[in-house]
Amino acid sequence: MTKKVAMYCRVSTSTKDQTTENQILELTTYCKRMDYEIVKIYEDEVSGAKRREQRPAYNQMCQDAFEKKFDTIIAWDVSRFGRSMKEFMSFLADMDDKNIGVIAVKNGLDSQSSSGRMMLKMIGLMEEWNREMLIERVNAGLRRAVANGTKLGRKKITNPKMTNQIVSLRAEKMSIRAIAKKVGVSTATIMRELKKAA
């Protein structure tokens, strides 16, 4: 049975030097060699850093994948799907849930082959390790800041004098909005200070 594939090609800009032509040529050659049937070619001329909703062809391809219009998505390079590993892993998980394969020709990645699945697990482990290392570094930085006497959290907006002023203005039957305008803070801050003082 011939595998039905969707091609995804993306370039960051639509200048004369950067077009999707080279990607389409390479992928078409690959599909002929593998005896794949090209169902549709999706092309974006937009930065990979943009969200899925801001890449119309990519967004449409994902919707068509969920409707099972093809078996596999093929691109020249994993970077065509997005700039971050997190985004790419999320895309792969979405496609795997729908039993849609993903092939990145340049990287030798085929999510439906045993070596491809192994590579994806390794990528997932590296992503998890990277996330844990980031959390560790942030927590170490916070501990060092506290040890050096730095107070963490948002800077306090009010002080006891301001709180007393808020309470006395409210006792004079002034509205919350009027107090906020007079004191120079938000109505939420006024409400919070009144609740604490009650």
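Residues numbered from 1 in each chain as written. Predicted model: local features only at pLDDT ≥ 70, side-chain atom pairs only at ≥ 80, totals over all residues. Heavy atoms only, no water.

1. Regarding the nonpolar core
In summary, soluble globular proteins display a tendency toward joint burial of nonpolar side chains.
Moving on, step 1. Counting residues in hydrophobic clusters, the biggest one holds 23 residues, and the most contacted among them are Tyr8, Met61, Phe70, Ile73, Phe81, Phe91 and Met95.
Moving on, step 2. When contributions to this core are tallied by element, the ones reaching two or more residues are β1 (4-11), α2 (56-66), β3 (72-75), α3 (85-97), β4 (101-104) and α4 (114-147).
Moving on, step 3. Excluding residues that lie within four positions of it along the chain, Met95 makes contacts with Cys62, Ala65, Phe66, Ile73, Ile100 and Val102. (Core = buried A, V, L, I, M, F, W, Y, C linked by side-chain atoms within 4.5 Å. Buried < 20%, exposed > 50% of the residue type's maximum accessible area, 1.4 Å probe, protein only. Helix = DSSP H or I, 4+ residues; strand = E, 2+ residues; numbered from the N terminus. Contact = heavy atoms within 4.5 Å.)

2. Brief notes about a nonpolar patch on the surface
Moving on, step 1. On the surface, Leu134, Val138, Leu142, Val146 and Leu152 cluster together into a nonpolar patch covering about 430 Å² of accessible area.
Moving on, step 2. Within the element layout of this structure, Val138 appears in helix α4.
Moving on, step 3. According to the relative accessible area criterion, Val138 is partly exposed, its value standing at 45%. (Patch = residues over 30% accessible without salt bridge, like charges linked within 9 Å, V, L, I, M, F, W, Y side chains within 5 Å. Areas by Shrake-Rupley, 256 points an atom, 1.4 Å probe, with all protein chains shown as cover. Salt bridge = Lys/Arg side-chain N within 4 Å of Asp/Glu carboxyl O.)

3. Side note on the side chain of Ser111
Moving on, step 1. Mapped onto the secondary structure, Ser111 falls in the loop between β5 (109-110) and α4.
Moving on, step 2. On the accessibility criterion, Ser111 (12% relative accessible area) is buried.
Moving on, step 3. In this structure the side chain of Ser111 is engaged in a polar contact, spanning 2.8 Å, whose partner is the backbone nitrogen of Val102.
Moving on, step 4. Not counting chain neighbours up to four residues away, the residues in contact with Ser111 comprise Ile100, Gly101, Val102, Arg117 and Leu120. (Polar contact = N/O pair within 3.5 Å; in protein donor to acceptor, adjacent residues only side chain to side chain.)

4. Remarks on the sheet that holds β5
Moving on, step 1. Reading across the sheet, the five strands line up as β2-β1-β3-β4-β5 and stay open at both edges, with mixed pairing between neighbours. Each edge of the open sheet is held by one strand with a lone partner, namely β2 (37-45) and β5.
Moving on, step 2. The pairing of β1 with β2 spans eight bridges and is parallel. Bridge assignment links Arg10 to a residue of β2, and that residue is Asp44.
Moving on, step 3. Taken strand by strand, α2 contacts β1, β2 and β3, and its axis lies near 145 degrees from that of β2. (Pairing = 2+ DSSP bridges. Axes fitted to C-alpha atoms, helices over the stretch in contact; angles between N-to-C directions.)

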